[in-house]
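Secondary and tertiary structure notes
As a plain string of letters, each chain reads:
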Amino acid sequence: MKTVLIATKNKGKAREFESLFALKGYKVLTLLDVPEAPDVEETGSSFEENAVIKAETISSQAGHFVIADDSGLIVDALDGRPGIYSARYAGEEKSDKANLEKVLAELKDVPEAKRTARFYCSLALASPNQETITVSGSVEGIILDEPRGENGFGYDSVFLVKDLGKSMAELTSDEKNQISHRAQALKKLESLLDTFLEREKL
Ligand SMILES: O=c1[nH]c(=O)c2ncn([C@@H]3O[C@H](COP(=O)(O)OP(=O)(O)OP(=O)(O)O)[C@@H](O)[C@H]3O)c2[nH]1
Ligand SMILES: [Mg+2]
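Numbering of residues starts from 1 in each chain and follows the order in which that chain's sequence is written. Numbering of ligands from 1 and lettering of chains from A proceed in the order in which they are written. Selection of residues for local features in this predicted model requires a pLDDT of at least 70, selection of side-chain atom pairs for listing and counting requires 80 or more, and totals for whole chains, interfaces and linings are taken over all residues. With hydrogens and water excluded, all non-hydrogen atoms of the structure serve as input to the side-chain values.

1. Concerning the overall build of the protein chain
Helix and strand definitions follow DSSP, with helices as H or I runs of at least four residues and strands as E runs of at least two, each counted in order from the N terminus. A tally of regular secondary structure across the protein chain gives 5 helices and 7 strands. Listing the helices and strands of the protein chain from first to last along the sequence gives β-α-β-α-β-α-β-β-β-β-α-α. Against the compact-globule benchmark of 17 Å for 202 residues, the protein chain has a radius of gyration of 17 Å, which places it among compact chains. Sequence separation of at least 24 residues holds for 58% of the intrachain contacts in the protein chain that already meet a minimum separation of 6. Our radius of gyration looks at C-alpha atoms and nothing else; its globule reference is 2.2 Å times the residue count to the power 0.38. In this description, contact between two residues means that some pair of their heavy atoms is separated by no more than 4.5 Å.

Right under this line is the structure:
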């Protein structure tokens, strides 16, 4: 079976990539399968820069092609925060619960009309042999005033998907994988991936 290595240690992302790539006939490995993998420092100032840093660092160590995901929540009333700091918004321990509680507290007095937000995902495809490719996807929503739903991870339970009237955590994983920022970015990567992998053989 064809295998793809995703340079992530995030369990929620790993699950989603496993389902998304299963449809294409790929087995997914992540850095959760490589306990000795280093933590790559995200020193970039954009999602794209961080995705490229993670993909290039891991692909040069692994010696083959790798995909990395840098993603997060952009809240308009918070001037775009938590943005690239979404994973660590409430501190280095990376607690999903503490992160979303911090966002809810900051939006306490903000009315619904001003609670617009989007999830954004940048994917980078890197190899020691080729120029790195990046693609992105996003999905629009509104930040709820309390969590709804049990599925997903991160901020999903407070993110009302504009077009569906449900929080991201009220969607099944299949439903999330049809509309999410990650799914949309991956759709764009799909055709590029085939060409990229053909060139790897040259
Ligand atoms: O509710 C959510 N649904 C999503 O679909 C989603 N995608 C991203 N996020 C948030 O953004 C951070 C990424 O930060 P990030 O790209 O640096 O990843 P990470 O540090 O968690 O893992 P790694 O991939 O870097 O190893 C995550 O931790 C989450 O807080 C999401 N929240
Ligand atoms: Mg990270």
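2. Points about the layout of surface pockets
Here a cavity is any set of points on a 1 Å grid over the protein atoms alone where a 1.4 Å probe fits but cannot get out, and a pocket is any open set with protein on both sides within 12 Å along at least 5 of 7 lines; a residue lines the site when it has an atom within 4 Å of a point. Grid points are joined across faces, edges and corners, and a volume is the space filled by probe spheres set on the points. Taken as a whole, the largest pocket spans an internal volume of roughly 790 Å³. Looking at the lining of the largest pocket, the elements that each hand over two or more residues are α1 (11–22), β3 (66–75), α3 (96–106) and α5 (181–200). Examining the composition of the lining of the largest pocket, we find that 4 residues originate from one element, β3, more than from any other. Under the grouping applied here, Gly and all other residues not named as nonpolar or charged are polar, the nonpolar ones being Ala, Val, Leu, Ile, Met, Phe, Trp, Tyr, Cys and Pro and the charged ones Asp, Glu, Lys and Arg. Across the lining of the largest pocket, the residue classes break down as 10 nonpolar, 9 polar and 14 charged.

3. Thoughts on the UniProt feature "binding site: Mg(2+)" (unreviewed entry) in the protein chain
Those places that UniProt annotates as "binding site: Mg(2+)" (unreviewed entry) correspond, in this numbering, to Glu-41 and Asp-70. Across 30 residues of sequence, these annotated residues stay compact in space, with a maximum C-alpha separation of 12.0 Å. Put simply, the named residues that line the largest pocket are Glu-41 and Asp-70. With respect to the helices, strands and loops of the structure, Glu-41 is situated in the loop between β2 (26–30) and α2 (47–62). Of note, Asp-70 is situated in strand β3. Between buried and exposed lies partly exposed: a residue is buried under 20% and exposed over 50% of the maximum accessible area for its type, with that area taken using a 1.4 Å probe on protein chains only. Taking relative accessible area as the criterion, Asp-70 reaches 2% and is therefore assigned buried. UniProt positions are given in the numbering used here, feature names are shortened, and annotations may be inferred rather than shown by experiment.

4. Here we look at the environment of Glu-150
By the element assignment, Glu-150 lies in the loop between β5 (130–143) and β6 (159–161). Glu-150 gets classed as exposed once you look at its relative accessible area, which sits at 76%. In this structure the C-alpha to C-alpha distance between Glu-150 and Met-168, which are 18 residues apart in sequence, comes to 9.2 Å.

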